Amino acid sequence: MAAPFVRNMPDSKMGRPRSAAPTITPVKISLVEFHNVTFSLPAAANIISDLNLTVERGETLVLLGESGCGKTTTLKLVNRLLTPTGGEVRVEGKSTTAWDPIALRRRIGYVIQEGGLFPHFTIARNVGLVPALAGWDQTRIMERVRELLSLVGLDPDRFADRYPRELSGGQRQRVGVARALAADPPLLLLDEPFGALDPLTRASLQNEFADLTSRLGKTAILVTHDVREALILARRIGLMHKGQLLLLETPERFLNSDHPQARAYLDTLKIDDGGKQ
Amino acid sequence: MSFWHFLQLNWPELLLLVRQHIVLVFISILVAVSIGVPTGILLTRYRALRGPVLGIANVMQTIPSLALFGFLIPLPFIGGIGSRTALVALVLYSLLPIIRNTVTGILGVEPSVREAAVAMGMTDGQVLRQVELPLAMGVIVTGIRVATVIAVGVTTIAAAVGAGGLGVYIFRGLRQYDNNLLLAGALSAAVLALAADLFLGLLERQFSFEGKRSAAWSRVALAAGIVLVVVVGVFALRSPGRSESSQGHVAIGSKDFTESALLAEIMAEMLEARGVSVERRFELGGNLPHEALVNGTLDLYPEYTGTSYTAILHHTPIGDPRAVYDQVKQEYASRFKVEVSPSLGFENTFAILVRGADARKFNLKTISDAAPHTPQWSAGFGQDFMSRADGYPGFSKAYGLKFAAVREMDLSLTYIALSSRQVDLIAGNSTEGRIARLDLFQLADDRHYFPPYEAVYLVRQDSLARVPALREVLAKLANAISTDEMRRLNYEIDGNKRDPKEVVKEWLGSRGF
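Residues numbered from 1 in each chain as written. Chains lettered and ligands numbered in written order. Predicted model: local features only at pLDDT ≥ 70, side-chain atom pairs only at ≥ 80, totals over all residues.

A count of helical and extended segments in chain A gives 11 helices and 10 strands. Burial statistics for chain A: of 277 residues in total, 43% are counted as buried. (Helix = DSSP H or I, 4+ residues; strand = E, 2+ residues; numbered from the N terminus. Buried ≥ 20, exposed ≤ 12 C-beta atoms within 10 Å, placed from the backbone.)

One can find R162 of chain A in the loop between α6 (156-159) and α7 (169-181). What R162 of chain A contacts, discounting residues up to four positions off in sequence, is T122, I123 and L167 of chain A. (Contact = placed C-beta atoms within 7 Å.)

A few words now on the pairing of strand β5 (residues 350-355) of chain B. All names here are of chain B. Of all six residues that make up β5, six are buried, and the element is covered over most of its length. In the sheet, β5 pairs with strand β8 (residues 425-429) via four bridges, with the strands oriented antiparallel. Its bridge partner lying in β8, I352 is registered against A427. Here four bridges tie β5 to strand β9 (residues 440-443), and the two strands are oriented antiparallel to one another. When the sheet's bridge partners are listed, V354 is paired in β9 with F441. (Pairing = 2+ DSSP bridges.)

What follows covers the sheet that holds strand β9 (residues 236-241) of chain A. Residues and elements named next belong to chain A. With mixed pairing, six strands are arranged side by side in an open sheet as β6-β7-β8-β3-β9-β10. The open sheet has two free edges, formed respectively by β6 (108-112) and β10 (244-249), since each of these has just one partner strand. If you compare each strand with its neighbour and ignore which way they point, the axes differ by 15 degrees on average. In this sheet, β10 lies alongside β9 in antiparallel orientation, the contact comprising five bridges. What sits directly across from H241, in β10, is Q244. (Axes fitted to C-alpha atoms, helices over the stretch in contact; angles between N-to-C directions.)

Contact with chain A, which involves 17 residues of that partner, is made by 16 residues of chain B. Counting only elements with at least two residues in the side of chain A that touches chain B, the list comes to α2 (101-106), β6 and α4 (129-133) of chain A. Tallied by class, residues from the side of chain A that touches chain B come to 10 nonpolar, three polar and four charged. (Nonpolar A, V, L, I, M, F, W, Y, C, P; charged D, E, K, R; others polar.)

All names here are of chain B. Among the nonpolar cores identified, the biggest contains 186 residues, and M267 and L458 are the most heavily contacted of them. Considering every element that reaches this core, the biggest residue donor is helix α4 (residues 83-107), with 14 residues. Within the second largest apolar cluster, 24 residues are counted, among which are F350, V354, A379 and L440. (Core = buried A, V, L, I, M, F, W, Y, C linked by C-beta atoms within 7 Å.)

A word on the sheet that holds β8 of chain B. All names here are of chain B. Across the sheet, five strands lie side by side as β7-β6-β8-β5-β9; this open sheet has mixed pairing. Strand pairing shows two members of the sheet lacking a second neighbour, β7 (405-408) and β9, which therefore form its edges. The sheet shows a mean angle of 35 degrees between the axes of neighbouring strands, direction not considered. Packed onto the sheet, helix α18 (residues 411-419) meets β5, β6 (378-381), β8 and β9 and runs at close to 140 degrees relative to β8.

Let's shift gears to the confidence of the model for chain A. Mean pLDDT for chain A: 84, with 87% of residues reaching 70 or above. Taken together, the stretch residues 1-21 of chain A has pLDDT below 50 and engages in 26 contacts with residues farther than four places along the chain or on a different chain. (pLDDT = per-residue confidence, 0-100.)

So, about helix α5 (residues 138-151) of chain A. Residues and elements named next belong to chain A. Helix length check: α5, at 14 residues, gives a terminal C-alpha distance of 20 Å against a target of 20 Å (1.5 Å per residue), a fit within 8%. Taken together, the buried positions of α5 are I141, R144, V145, L148 and L149. Buried residues of α5, seen end-on, are gathered within an arc of 130 degrees and therefore sit on one face of the element. Among the exposed residues of α5, those pointing more than 90 degrees away from its buried face are T139, R140 and S150. Against α3 (123-127), α4, α6 and α7 lie the buried residues of α5. (Expected span 1.5 Å × (residues − 1). Arc of directions from axis to C-beta.)

As a further point, take unusual backbone geometry. One non-glycine residue, R80 of chain A, lies in the positive phi region at around 60 degrees. Relative to the helices and strands, R80 of chain A is located in the loop between α1 (71-78) and β4 (86-91). Judged by the 22 C-beta atoms lying within 10 Å of it, R80 of chain A falls in the buried class. At N363 of chain B, a position not held by glycine, the phi torsion is positive, near 55 degrees. For N363 of chain B, the location among the structural elements is in the loop between α14 (356-362) and α15 (367-370). For N363 of chain B, a count of 7 C-beta atoms within 10 Å puts it in the exposed group.

Turning our attention to the environment of P251 of chain A. Residue and element names in this part refer to chain A. Take P251: it is sitting in helix α10 (residues 251-255). A sequence separation of 14 residues divides P251 from I237, and the C-alpha atoms of the two residues are 6.4 Å apart. Leaving out residues up to four positions away in the same chain, P251 has contacts with L231, A234 and I237.

Before going further, it helps to spend a moment on the packing of helix α2 (residues 47-62) of chain B against α4 of chain B. Residue and element names in this part refer to chain B. Remark: α2 packs on α4, axes separated minimally by 8 Å, with the N-to-C direction vectors making an angle of 145 degrees. The element α2 and its partner α4 pack so that their crossing is left-handed. Facing R50, L54, A57, N58, M60 and Q61 of α2, the residues of α4 in contact are L92, Y93, L95, L96, I99, R100 and V103. Residues of the contact of α2 with α4, tallied by class, amount to nine nonpolar, two polar and two charged. (Left-handed = near helix turned anticlockwise from the far one by under 90°.)

All names here are of chain B. The buried fraction of β8 is high, at five of five residues. Where β6 and β8 come together, two bridges link them in parallel fashion. In the sheet register, G380 faces β8, and the bridge partner there is I426.

The structure is reproduced here in structure tokens:
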């Protein structure tokens, strides 16, 4: 089933085997697949043109590009905040239009800049939101909230009863990640999650996030315009430009790419003495 | 009378009016919220409806309140006189700020928060209830706050359709040039508006999630406010039901001036003395009493034959009292099923007045006697007299009068203008109490120019059949009040600022009714 899309998977490291495969299909099904996906608004140029892409279980795929390149749109097509105008997006082998949107979204964690926290909910209620929607009982939710807050480095006793406005930007971002992880979804979507943070906080959160996803074995699609962030976090980097996927490479190959767009990004690193990992 | 003294004498009535006022505002805002908030939510879901619905609500808001009451009165179910019409109008006025703020509040929720809510897998209903409404609540409460303050103001006008409230004092104060009444009505309304504003302001602060958490005292004050509103609401909704007397029930109306209310009160007292239960719908503006009588909301009200003849039946004025009375009686019976009572014994016509000193000096008895002097005189006439068919244009022509100057001014001020020699001739009301007090002299209408304005009661035929006591009272009151007596009664109220009920009781006693 995934065979026709081999050209998008040049790297042999993809598809790390996992024990808990959720389907009984003998052919391995990728978690997310884009099949000739086009997206446009009425009377406007395409925002996404003929996008083909697969995301394998356990990998962190970073979509890199300048603003307006279609990377956020690509993300929203996965959890059906948008539906493709052409082609189809499949999640766990099923087209997003065939999914019940509510069920689909509850299987996908979503983190946006500044966290998108509900200002009228306490931190505990924000983090426990999806479990509450899924009908968990209150004790189980509270246990999970404490566990998650500890996981993202926030002391549950100090933070559970506070409101988002009482937290710093970095703390709010941690809460955003905790909320996305709450119901243990197989997939995380992150839209410039660290964009609004100061450089020091950003660096430490990036490292913690890389550590966290590999520990939890989560699949993640992360959108950024920061090439350094892409190099730190990505298993693969997808370079987007004007609605098209130009490159899909491992960080190592990306660094050596001679594609002019890739070089333009890499040149920005040299100015501040190339901070590679 | 000092304002303090006035309050001491009238506080029970003032409290009653305040209560009526609060009830009208409370119920109308309750209804407006339960219509407006769902409508606003609907408009955030169906963009195409937004323009038309907000447009209609906007137009409602721009209709002058008195005109809106006028439109509503003839309508079945929602119209008529009394609190129902007032409530409909108040709800219509309150809708716009509530709908608009609901829409603004919901659409103003941070897009990233809404997007996060949807992306977390919330259904539209969950997004609305758990995210959009709580976050929009501050803005929605602001809308309710604006609507409430507007409603407190508009409710003062509801007095014109007989719905009661503080407008009763304001209108009465304007008519009688009584600053105590005006002050009591206007100050109380202002205090109500401020209190509503303060209370809803506290409520609004509870929904501010960006600022500091509200202080404990404001939550206590808010709780106290809610308790107060609930208590007032319960107290108000339990208002005593109409007690049906075995002798029948009669709704009596009056126009919005002292004499009309006084005549209505005389009728009310006499019926009550005979065991009839009376509903007083006094001081109704414009043509309201007529409309209410015809549609059955009122059983009777006092009127003047000349007014019925010209203003209701649209006939050209004529001078013969008998002909006018007969024509009115016959047409009212056939067109409205309304009976015209025998004349009460006096006319309230235009009285052409000069200073008593001038009348004696020039030996003036009639308007014709005065004609030679008018080129040296200036005249002061009310707006009504200047514009109506039987007013100044026809009058000056009929007597060939020419004045050095004609001033158009408020009718009530012309009496003072005359006695203080600002003008030399005015057209007042023949039953005005101040005529004798200010030593003014009424010139006889020797050419019978003015149509007769005989005071009568207009009574529905079915009411006469239903309440036998009515005929008895009407018969007693036939020719019972002379012009001089009416002047004296008017002066007791307007001049001596006495309570109309008291004046009426005293008069009924003196006449042995």
